[in-house]
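# Descriptive analysis of the structure
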Amino acid sequence: MTAEATLESLASDFWKWRAWQQPRSHDDIPRLERPKEWIPNWSKENVSTYLSDLENFERRLNEIEITNPEHREILVDYKLLKSAFARVRWEIEYLEMWRRFPRFYIDQTIGVVFDYLLNPNVTRETVEHIQRNLNNFKTVLTHARQNLTGYAFHEHATVSIEDLGNIDSNMKEMGEALLEFISNEKQASFLSRVSEAAQELVDFREWLKLNLSSFVPASSIGEKSFVWFLQNVAYIPYTPSEMISIGEIEFDKATTFEAIFENKYKDKPIPHLPKNATEQSENESKLEQEVRDFYERENLLTQPESLGHYLNAPRPKYLEPIKWLGVTDDLTGPSRLDEDGISYVPVPRDGMPYFYAANARDPRAGIVHEGAHYQQLALSWRNPRFIRRHFYDSGVNEGIAFYNEELMLAAGLFIDAPHSQTLMYNFMKLRALRVIIDVSLATGRMSIDDAANYLSKKVPMDWQTAHEEAVFFASFPGQGLTYQIGKSQIINFMAEARRRNPSEFSLRKIHDYLWINGNVPISLLKWEYLKLPVDEIFPQDISHIKEIIWKNIRHMLDCYLAKDRKNADNHIAEDVTLWDSVEPQLIFGLRGLNALRDRRPSSENGPKVLSIENLNPVIDVIGEIAIARYELLIHFDGGIPDEHIRNTAVWRIINGAWKVIHNHEDVIS
Ligand SMILES: [Zn+2]
């Protein structure tokens, strides 16, 4: 089998497995088509089986050798799979979602029921799926109690208790609204099953209350683990500090532009709300076609005839009481390419939440984001490369949808709608803020309370809601940043493409490429599309950085042996500090180092060094800093015993090159 075929067969096995294993989440992008008999399984035994299965997949991937690095598409696919595997590790081992977050088990019970109800065609099969899962509540929640004991985060438990506050009446209402899909003789037993399952969640809520004081205070995932995520799952080429800066700059920009547009349109009347959800859906359907025509007319994005439509529909009664479980839309799936995507809308009324009101007045607000998700996913499910048809990280998906909002604003879609223009800047503000909150919570720069204070001041919003939002962000590190960071990466990619080849640059061509590859991290797309040098494909890969540093260390020793100070100094920062093993005082800068070298006895008088071995490296990379611990063994001529040295070196990336900024050396024997 060729490397490509082996890779595909591994991917196929993995995605089949993942459809069973992947936990349900509130997010609408990662929804998977599940096997017919699927139920979530999260006992401790399940978790350890998942990890050993994963090791197996990782071993198989490591055995695949891609001999021709010029096959960019294959290398990108390889990296995709690697990242998909890393995401499983991130969920289970780093975030420990299954034992830290009580909400995880709300998602694996009633959350699953919610997902099955999103497809607008409720059939007998839907009801079977729901019943099978209702029957599974008891098992899932038994495992939940075993897993959460001693590990659950206190703040998260508090919010889950609140989420479940009315779960019995929520589920009763849902059950009654579903009766029209159930034959008369089965209705009573269905309702009693719903009520038993609801009782399981009530018992779980009470258990959380009872054990609340024994749960541990929430802690952040930490800078080191978060950087691991950025480099191994999301392939984001920025450090946490760089991302916070991007968030701050974009937040200020959007705040200012929102004010400019508010001022410009202050005398324009706010458009009316539609009479009802049906009228809103009819408006939306017309506008969706207009947006599609706009893409074509402006030469921005190809709209294949076979691509379904993104429509609105009044929110069904059975979803109403459980709408808090996720996004009430149905973006279809790989086996439903001929179906339209649907977003359910509530009954328009004065005083409705901000986003819903905006969307009711101008449904294009939703079309340019959610509608972009639908189109991107439906196009990506048609990708000729099998591995790219699968979701695995929403960084690109959200990046594309958010980029599309500003693309359409700039291209003039909203020229007739002043308030929608202002709205786009408001959306930008919120997304920029999410980066700051997400990265700060993940790295421990902010606690949950800090984040709540920050949100309540900056948005502004009431503290209680801000606190719930903060807990929500803390449950999914790396998700809040996807919108802005994805968009910033896309803009960088586009600009680079235009700079390199202005005469060939085509918005339509690059957008078509982006949308059909909307599951592939942008750093990889940029590398593939711009045909960047092969050794630049993994510029942020930690193992690659470790290799570079270890090679630099070797090179410095070789320079030392060759008495080549100049080339050795290329690896040392101008303002380095050093603890030498014999000098008591700290050495400052390259100048201090050279003075020290001149003080040392020259090698003509001392013992002659035959060779130096560098051994046992332990190298950690944290953002733009790396710490290298290693040993040196110096072999002398003339039977003189070896010298054994320990080193701790701090490296930092300066103008694109890794350099030593501090070294501590100590001779053991
Ligand atoms: Zn989105």
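Residues numbered from 1 in each chain as written. Predicted model: local features only at pLDDT ≥ 70, side-chain atom pairs only at ≥ 80, totals over all residues.

Below, the discussion takes up the overall build of the chain. From N to C terminus, the chain includes 25 helices and nine strands. Here the chain, with 669 residues, has 38% of them falling under the buried criterion. (Helix = DSSP H or I, 4+ residues; strand = E, 2+ residues; numbered from the N terminus. Buried ≥ 20, exposed ≤ 12 C-beta atoms within 10 Å, placed from the backbone.)

Our focus in this paragraph is the sheet that holds strand E1 (residues 310-314). Strand order in this open sheet of three strands is E1-E3-E2, and the pairing throughout is mixed. At either margin of the open sheet sits one strand with a lone partner, and together these are E1 and strand E2 (329-330). The sheet contact formed by E2 and strand E3 (residues 341-345) spans two bridges and is antiparallel. Within E3, the residue paired with Asp329 across the bridge is Ser343. Set on the sheet, helix H15 (residues 364-380) makes contact with E1, E2 and E3; between it and E1 the angle comes to about 115°. (Pairing = 2+ DSSP bridges. Contact = placed C-beta atoms within 7 Å. Axes fitted to C-alpha atoms, helices over the stretch in contact; angles between N-to-C directions.)

On to helix H8 (residues 154-163), then. Of the residues making up H8, those classed as buried are Glu155, His156, Ala157, Val159 and Ser160. Packed against the buried residues of H8 are helix H5 (103-107), helix H10 (184-211), helix H18 (448-458) and helix H19 (463-475).

We now examine the nonpolar core. The biggest cluster of nonpolar side chains holds 137 residues, and the ones touching the most others in it are Leu81, Met243, Val435, Ile437, Ala451 and Ala470. Sorting elements by how many residues they give to this core places helix H17 (residues 418-443) first, with 13 residues. Two domains share this core, each providing at least three of its residues, namely domain 1 (3-220) and domain 2 (272-382). Apart from the residues within four sequence positions on either side, Met243 is in contact with Tyr238, Val435, Val439, Leu481 and Ile485. (Core = buried A, V, L, I, M, F, W, Y, C linked by C-beta atoms within 7 Å. Domains from an automatic or database assignment.)

What follows deals with the sheet that holds strand E9 (residues 657-667). Read across the sheet, six strands follow the order E5-E4-E9-E8-E7-E6 without closing on themselves; strand pairing throughout is mixed. Because the sheet does not close on itself, it has two edges, and the strands there are strand E5 (587-588) and strand E6 (609-622). Note: strand E4 (residues 572-579) against E5, two bridges, orientation antiparallel. Residue Thr577 lies in a different strand from E5, and its bridge partner there is Phe588. Sheet contacts for helix H25 (residues 589-599): E4 and E5; angle to E4, the most-contacted strand, approximately 55°.

By the element assignment, Phe181 lies in the loop between helix H9 (167-178) and H10. Classification of Phe181 as partly exposed rests on a count of 15 C-beta atoms within 10 Å. In this structure the C-alpha to C-alpha distance between Phe181 and Val122, which are 59 residues apart in sequence, comes to 7.2 Å. Among residues more than four places away in sequence, those in contact with Phe181 are Val122 and Val127.

As paired elements, E4 and E9 share four bridges and run parallel to each other. Of the residues in E9, the one forming a bridge with Thr577 is His662. Pairing of strand E8 (residues 643-654) with E9 involves ten bridges; the strand directions are antiparallel. For Ile654, the partnering residue across the bridge sits in E9 and is Ala657.

Right, let's talk about unusual backbone geometry for a bit. Positioned with a positive phi, Asn299 is a non-glycine residue whose angle comes to about 60°. If you trace the backbone, Asn299 turns up in the loop between helix H13 (277-297) and E1.

Quick look at the domain arrangement of the chain now. How large an interface is tends to be reported as the accessible area lost when its parts come together. Domain annotation of the chain identifies domain 1 (3-220), domain 2 (272-382) and domain 3 (542-667). Each of domain 1 and domain 3 has a C-alpha centre, and these two points are 50 Å apart.

The next point concerns the environment of Glu128. Structurally, Glu128 is set in helix H7 (residues 124-148). Put simply, Glu128 and Glu37 are 91 residues apart on the chain and 9.8 Å apart in space, counted from C-alpha to C-alpha.

All right, on to the packing of H9 against H10 then. Between H9 and H10, the least distance of the axes is 9 Å, while the angle of their chain directions is 160°. Put simply, H9 runs roughly antiparallel to H10. Between H9 and H10 the crossing geometry is right-handed. The segment H9 lies against H10, with Ile167, Asp168, Met171, Lys172 and Gly175 engaging Phe190, Leu191, Val194, Ser195, Ala197, Ala198, Leu201, Val202 and Arg205. When grouped by side-chain class, the residues that make up the contact of H9 with H10 number nine nonpolar, two polar and three charged. (Parallel < 35°, antiparallel > 145°, perpendicular 65-115°, else oblique. Left-handed = near helix turned anticlockwise from the far one by under 90°. Nonpolar A, V, L, I, M, F, W, Y, C, P; charged D, E, K, R; others polar.)

Following the sequence through the fold, Gly175 ends up in helix H9. C-alpha separation for the pair Gly175 and Pro502, spaced 327 residues apart in sequence, amounts to 59 Å. Residues contacting Gly175, with those up to four places away along its chain left out, are Phe190, Leu191 and Val194.

Quick look at the packing of H8 against H19 now. At a closest axis distance of 10 Å, the pairing of H8 and H19 adopts a crossing angle of 120°. For the element pair H8 / H19, the angle class is oblique. Every pair of crossing elements has a handedness; the one defined by H8 and H19 is left-handed. Contacts between H8 and H19 pair Glu155, His156 and Val159 from the former with Glu468, Val471 and Ser475 from the latter.

A rise of 1.5 Å per residue sets the reference length of helix H16 (residues 394-411), with its 18 residues, at 26 Å; its end C-alpha atoms lie 25 Å apart and thus fit the reference within 8%. Where H16 terminates, the next one or two residues include Gly412, which has phi positive at roughly 100°. (Expected span 1.5 Å × (residues − 1).)

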